[in-house]
Amino acid sequence: MNAPNTMKAMRIHEPGGRFQMDTLPLPTLLRPTDVLVQVKASGVVPNLRNVMSNYGERSYLTVPDLPAIYGLDTAGVVTEVGAAVTGIAPGDRVYINPGRSCGSCHACRMGEPTNCVAYTFQGYFGFGPRSKDIYKQYPYGGFGQYATAPADGLVKLPPAVTFEQAARFGYLGTAYSGLRKAGVAAGKTVLISGASGTLGLGAVQIARAMGAVKIFCVARNADLLERVRALDPERIRVFSHGSGDLGEWVRSETGGVGVDAVLDAIGPGAPHQVTLDCIGALRRGGRLVEVGAMNDPLPLNLHELMCSQISVLGSLWFSVGEGQDLAYMAAAGTLDLNVFDHHRYTLEQANEALADAEQRKGGFVNVVIVQ
């Protein structure tokens, strides 16, 4: 069967506009190290409309030129590989890690591509003017039938991971990388702020897989928190924020010591007091890792942090290797990805899918476009 020479894609043509179906030439491989992927599923990010509206002189993100194909978390089947590709073959099931870098700056050569000045999320946004060059190389997000990607940007998916589950890897990988930076491992305790949300729920499941002995889950919705607790009643403790003193509660559960680590997964718009309360729940030498993009200015007493040897770190995205770790954990059965309630939409229903994602309540819902 001959490959098609065109594809369908849902693109936006004006800032904040609706998706519309376009017919485009089938993507071609620009480099011998690239691959072509037939898209099977793409996650719908609740914040996507804000990103698509972020055009103009005061834009704080670097977004692709219009018309643009969005779609951050993409999974599918490899249909073509470049002449220099090894280890990846047509028919492989893969997740496309959308993190793109220039490949030659100091950060890239040191193995730290997320620190590249051109770092860009394919199908979403970038972090500087040089992201425009990346978009020219990889302009295809997940809301199209095909996408190109570098072979070293792919996570191989075992049969145990469905395409819909893989379309959640952006959130899962972000949580996993943050938990690793926080030092979560067997025998450790961790507090997850925003535990019932899209990032937080994945963090809970991953902390279980990493062997945390106690997982303290903090959020506002008591009903959702009870669903989270039911995932592992032996290890999970839940606390509805605003119902008391978070630090006192954590210390009462840890023999007066506090937690080893905090993963702060609350999003923009949350008050800084939530994060300060989490810092107050840390033991001496503990770490808080920020993954949720809480953007309320944080008043910190640096002398107090110094004396207690407490660290506050930012963690952006995750590596391909960390994504592969998640796939291996899911294949081994230590990471349970069956907790998600998938809301499936066709490519033609991209506008309806985004509206659903914006209205969804809690992290158990996974809005995904399937093809």
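- Naming follows an unreviewed UniProt entry, where the protein appears as Zinc-binding dehydrogenase of Massilia agilis.

Brief notes about the packing of helix α5 (residues 169–181) against helix α6 (residues 198–209)
And then number 1: Viewed as axis vectors pointing N to C, α5 and α6 meet at an angle of 55°, and their least axial separation amounts to 8 Å. In this view, α5 runs oblique relative to α6, as classed from their interaxial angle. Considering only the axes of α5 and α6, their crossing is right-handed. Residue-level inspection shows Tyr-171, Leu-172, Thr-174, Ala-175, Tyr-176 and Leu-179 of α5 in contact with α6, the latter providing Thr-198, Leu-199, Gly-202, Ala-203, Ile-206 and Ala-207.
And then number 2: The residue inventory of the contact of α5 with α6, partitioned by class, reads 9 nonpolar, 3 polar and no charged.

Notes on the sheet that holds strand β14 (residues 282–290)
And then number 1: The 6 strands are arranged β12-β11-β10-β13-β14-β15 in an open sheet whose pairing can be described as parallel. Only two strands of the sheet have a single partner each, and these edge strands are β12 (236–240) and β15 (311–314). With strand direction ignored, the average angle separating the axes of adjacent strands in the sheet is 20°.
And then number 2: Judged from the 5 bridges that link them, strand β10 (residues 189–193) and strand β11 (residues 214–219) form a sheet pairing that is parallel. When the sheet's bridge partners are listed, Val-190 is paired in β11 with Ile-215.

Examining the nonpolar core
And then number 1: Judged by nonpolar contacts, the single largest core of 106 residues is most densely connected at Phe-143 and Phe-169.
And then number 2: Top contributing element to this core by residue count: α6, with 6 residues.
And then number 3: The contacts of Phe-169, once residues within four sequence positions are left out, are Asp-73, Tyr-95, Val-155, Leu-157, Val-161, Thr-174, Phe-318, Gly-323, Leu-326, Ala-327 and Leu-337.
And then number 4: Ranked by size, the runner-up nonpolar core spans 16 residues in total, among them Val-218, Val-250, Val-262 and Cys-278.

Considerations on the side chain of His-342
And then number 1: Position of His-342 among the secondary structure elements: in strand β16 (residues 341–345).
And then number 2: Its relative accessible area of 16% is what places His-342 among the buried residues.
And then number 3: There is a polar contact of 3.0 Å between the side chain of His-342 and the side chain of Asn-366.
And then number 4: Beyond its immediate stretch of four places on either side in the chain, His-342 contacts Glu-164, Gln-165 and Asn-366.

Remarks on the packing of α5 against helix α11 (residues 320–332)
And then number 1: Running from amino to carboxyl end, α5 crosses α11 at an angle of 105°, the nearest separation of the two axes being 9 Å. With respect to α11, the element α5 is oriented roughly perpendicular. Residue-level inspection shows Phe-169, Leu-172, Gly-173, Tyr-176, Ser-177 and Arg-180 of α5 in contact with α11, the latter providing Glu-322, Gly-323, Asp-325, Leu-326, Ala-327 and Met-329.
And then number 2: For the contact of α5 with α11, the per-class residue count stands at 6 nonpolar, 3 polar and 3 charged.

Overview of the pattern of salt bridges
And then number 1: Following the criterion strictly, the structure yields 11 salt bridges and no others.
And then number 2: For Asp-92, the salt bridge identified is with Lys-156, shortest N-O distance 3.9 Å. Placement of Asp-92 in the loop between β4 (73–81) and β5 (93–96) and of Lys-156 in strand β9 (residues 154–156) is noted, with a sequence separation of 64 residues between them.
And then number 3: For the salt bridge of Glu-164 with Arg-344, the shortest nitrogen-to-oxygen distance reads 2.9 Å. Taken as a pair, Glu-164 in helix α4 (residues 163–166) and Arg-344 in strand β16 lie far apart in primary sequence, 180 residues in all.
And then number 4: Note on Arg-344: relative accessible area 48%, which makes it partly exposed.
And then number 5: Here the salt bridges share partners, and the residues they tie into one network are Arg-208, Asp-232 and Arg-235.

Some details on the side chain of Glu-322
And then number 1: Structurally, Glu-322 is set in helix α11.
And then number 2: A distance of 2.9 Å separates a polar atom in the side chain of Glu-322 from the backbone nitrogen of Ser-319.
And then number 3: Beyond its immediate chain neighbours, meaning those up to four positions away, Glu-322 contacts Tyr-176, Ser-177 and Arg-180.

The rules behind these values
Residues numbered from 1 in each chain as written. Predicted model: local features only at pLDDT ≥ 70, side-chain atom pairs only at ≥ 80, totals over all residues. Heavy atoms only, no water. Axes fitted to C-alpha atoms, helices over the stretch in contact; angles between N-to-C directions. Helix = DSSP H or I, 4+ residues; strand = E, 2+ residues; numbered from the N terminus. Parallel < 35°, antiparallel > 145°, perpendicular 65-115°, else oblique. Left-handed = near helix turned anticlockwise from the far one by under 90°. Contact = heavy atoms within 4.5 Å. Nonpolar A, V, L, I, M, F, W, Y, C, P; charged D, E, K, R; others polar. Pairing = 2+ DSSP bridges. Core = buried A, V, L, I, M, F, W, Y, C linked by side-chain atoms within 4.5 Å. Buried < 20%, exposed > 50% of the residue type's maximum accessible area, 1.4 Å probe, protein only. Polar contact = N/O pair within 3.5 Å; in protein donor to acceptor, adjacent residues only side chain to side chain. Salt bridge = Lys/Arg side-chain N within 4 Å of Asp/Glu carboxyl O.

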